[in-house]
Amino acid sequence: MAIKFKGVDYIEFDTLLTDDERLVRENTRKFIEDNLIPIIEQCNRDGRFPRELVQPMGELGFFGANLKGYGCAEMGNVEYGLMTQELERGDSGVRSFVSVQSALVMYPIYSFGSDAQKDKWLPAMAKGEKLGCFGLTEPDAGSNPSAMRTRARKVGDGYVISGEKMWITSGSIADVAVIWAKVEDEGGRIRGFLVETDRPGFVAKDVHGKWSLRASVTSSLSLQDVKIPAENLLPKSEGLKSPLMCLNQARYGIAWGAIGAAMACYDCALQYAQFRKQFHDMPIAGHQLVQEKLVWMINEITKAQLLALQVGRLKDQGKAGHQHISMAKRNNVWMALECARMARDILGGNGIADEYPVFRHMMNLESVKTYEGTHDVHTLIIGQHITGIDGF
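Every value quoted in this text rests on a predicted model; they were computed, and no experiment measured them.

Visitor: Just checking my understanding: could you explain the overall build of the protein for this structure?
Guide: If you tally the helices and strands in the protein, you get ten helices and seven strands. Over its C-alpha atoms the protein spans a radius of gyration of 21 Å, differing by no more than 12% from the 21 Å that the globule rule assigns to 392 residues. With the C-alpha coordinates aligned to their principal axes, the bounding extent of the protein is approximately 80 × 45 × 40 Å. Per-residue burial for the protein yields a buried fraction of 55% across its 392 residues. At a minimum sequence separation of 6, the contacts of the protein that also span at least 24 residues come to 75%. For the protein, the exposed area adds up to about 16600 Å²; of that, 52% sits on carbon and sulfur atoms. Each charge class in the protein can be summarised by its mean position, and for the 45 positive and 48 negative side chains these summaries are 2 Å apart.

Written as structure tokens, this is what we have:
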């Protein structure tokens, strides 16, 4: 039985939002309901990214939505967050694609790039005419990106880059890759480079056999003596803090996106429990143990909304620290995964069938809990901030 999303707002959360913020959420919700929900389960089965939605998403201003100029939508950070919430309510893989395009490719070009780089890439990327990927993680450098082995060396009037990257969203469909490498001529300092994916020596191969994020492209990247001109260096990139700034942008969107996945699972479980009858011809929603699960879910979703909103307001004021974003990402993704597991429990055997979205969200959220900083890494980030002692 198909269940249509009814919305989740227990404490009149909408009254905390502006008219523009509500409009962005409703427009994104309508797009997802009309275009993604009808096809997402089949995409998940087939392991297919719905690339046909890229251009329409560009037309709606989803890419680089909170950047200024260059054809971007210039949303506030709460508007941007509500957009990612609705995208992930549809599917984490589709939200991941938008996050990478926006926070991990357009943002570093916007923040660290030259005027020429911005003019070349940002307008086309905002429209979805050009796609990008972000090459930081490596086979042997995940939670510790400073251990990266990818190297760039100055040769003549350009650079030669060699290395391997892993778990790269959109790797094989990207036109350009933002590659982070240690520059041999600068004492191993980490810098960012724009590498067009059609350059000789650049190879992207998709990762197959995934149980999670099946509607998203995930790739490995191999760079074997890839030559790029000097102007492809992101001139304002300076050390590890530059890619970490990008991750902060993405983590913020994830904190909102996870709420969307949790809402989808809660709403599905609630509606299911209201029509599913067991024992005395009574809906299972009337049983105390089921109610306890539903109450836990709406309670945690509500707290997550307030946390994300406050971090968004701080971000708009330029006051959001990386530790605030870590708390939102850590809490909200954990909460969403627990909601998915409880919803699956309420649905019983039906919970594993893709007639309902719950198990797909649960599988996706296992990845979301890991990428952009694992739950444990964010624990250490917050711990360092409150104690002043680095626990890494």
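Visitor: Please clarify how the packing of aromatic side chains should be interpreted in this entry.
Guide: Centre distance and the angle of the planes are the two values used to describe a pair of aromatic rings. Here the structure, examined in full by the defined rule, presents eleven aromatic pairs. Ring centres of Phe112 and Trp180 lie 6.5 Å apart, and the angle between their planes is 85°; on these two criteria the pair is classed as edge-to-face. Of this pair, Phe112 sits in helix H4 (residues 92-112) while Trp180 sits in strand E4 (residues 176-183), and the two are 68 residues apart along the sequence. Residues Phe112 and Trp180 agree in their burial class; the two are buried. Ring geometry for Tyr272 and Phe275: centres 5.3 Å apart, planes at 65°, overall edge-to-face. A residue pair is termed a helical-turn pair when its members lie 3 or 4 positions apart in one helix, as Tyr272 and Phe275 do in helix H6 (residues 241-275) at three residues. On the basis of relative accessible area, Tyr272 is assigned to the buried category, the value being 3%.

Visitor: So what exactly am I meant to see when it comes to the pattern of salt bridges here?
Guide: Where charged atoms of side chains with opposite charge meet at close range, the side chains can pair. All told, the structure shown has 27 salt bridges when counted by the stated rule. In this structure, Arg48 engages Glu52 in a salt bridge whose closest nitrogen and oxygen atoms are separated by 2.9 Å. With a relative accessible area of 33%, Arg48 lands in the partly exposed category. Salt bridges sharing partners connect three or more residues here, namely Lys4, Asp14, Arg25, Glu26, Arg29, Glu33, Glu86 and Arg89.

Visitor: I keep staring at unusual backbone geometry and nothing clicks. Help me out?
Guide: If a residue is not glycine, its phi is most likely negative; likewise, a peptide bond is most likely trans. One non-glycine residue, Glu12, adopts positive backbone phi at about 55°. Assessed through its relative accessible area of 56%, Glu12 is described here as exposed. For Asp225, which is not a glycine, the phi torsion comes out positive at approximately 50°. Looking at where Asp225 falls in the secondary structure, it is placed in strand E7 (residues 218-229). Among the residues examined, Asp225 registers a relative accessible area of 45% and is labelled partly exposed.

Visitor: Explain the packing of H4 against H6 to me, please; I cannot follow it from the model alone.
Guide: Geometry of a packed helix pair, given as the angle between the helix axes and the separation of the axes. For the pair H4 and H6, the least separation of the axes is 9 Å and the interaxial angle reads 145°. Of the two possible hands of crossing, H4 and H6 adopt the one that is right-handed. Every residue of H6 that contacts H4 at Arg95, Ala103, Leu104, Tyr107, Pro108 and Phe112 is listed here: Ser242, Met245, Cys246, Leu247, Gln249, Ala250 and Ile254. Of the residues assigned to the contact of H4 with H6, the class counts are ten nonpolar, two polar and one charged.

Visitor: I would appreciate a short explanation of helix H8 (residues 322-347) in the present structure.
Guide: An α-helical turn contains 3.6 residues, so a residue and the one three or four places further along point in the same direction. In this model H8 runs 37 Å from its N-terminal to its C-terminal C-alpha over 26 residues, within 8% of the 38 Å that 1.5 Å per residue would give. Taken from the residues just after H8, Gly348 is the one with a positive phi, measuring 60°.

Rules of the game
For every chain, the first residue of its written sequence is number 1, and the numbers climb from 1 along that sequence. pLDDT decides what is reported in this predicted model: residues at 70 or higher carry local features, side-chain atom pairs at 80 or more are listed and counted, and totals for whole chains, interfaces and linings draw on all residues regardless. No hydrogens and no water enter the side-chain calculation; it runs on all heavy atoms of the structure. For helices the rule is a DSSP run of H or I covering at least 4 residues; for strands it is a run of E covering at least 2, with both sets numbered from the N terminus onward. This radius of gyration counts C-alpha atoms alone. The globule rule is 2.2 Å times how many residues there are, raised to the power 0.38. Residue exposure (1.4 Å probe, protein chains only): buried if accessible area is under 20% of the type maximum, exposed if over 50%, otherwise partly exposed. Contact definition: two residues touch when any of their heavy atoms are within 4.5 Å. Accessible areas in this description were obtained via Shrake-Rupley with a 1.4 Å probe; residue shielding takes into account the shown protein chains only. Charged-residue counts in this description rest on Lys and Arg as positive and Asp and Glu as negative, His and the chain ends being excluded. The atom standing in for a charge is NZ when the residue is Lys, CZ when it is Arg, CG when it is Asp and CD when it is Glu. Each Phe, Tyr or Trp ring, with Trp reduced to its six-membered ring, pairs with another whose centre is within 6.5 Å; inter-plane angles below 30 degrees give stacked pairs, above 60 give edge-to-face pairs, and intermediate values give tilted ones. Salt bridges are counted wherever a side-chain nitrogen of Lys or Arg sits within 4 Å of a carboxyl oxygen of Asp or Glu. Angular values range over 0 to 180 degrees, each being the angle between N-to-C directions of two axes fitted as lines to C-alpha atoms, with helices fitted over their stretch in contact. Handedness of a helix crossing follows the sense of rotation of the near helix relative to the far helix, less than a right angle counterclockwise being left-handed and clockwise being right-handed. Gly is put with the polar residues, along with every residue not named as nonpolar or charged; the nonpolar set is Ala, Val, Leu, Ile, Met, Phe, Trp, Tyr, Cys and Pro, and the charged set is Asp, Glu, Lys and Arg. To estimate how far a helix should extend, the number of its residues minus one is multiplied by 1.5 Å.

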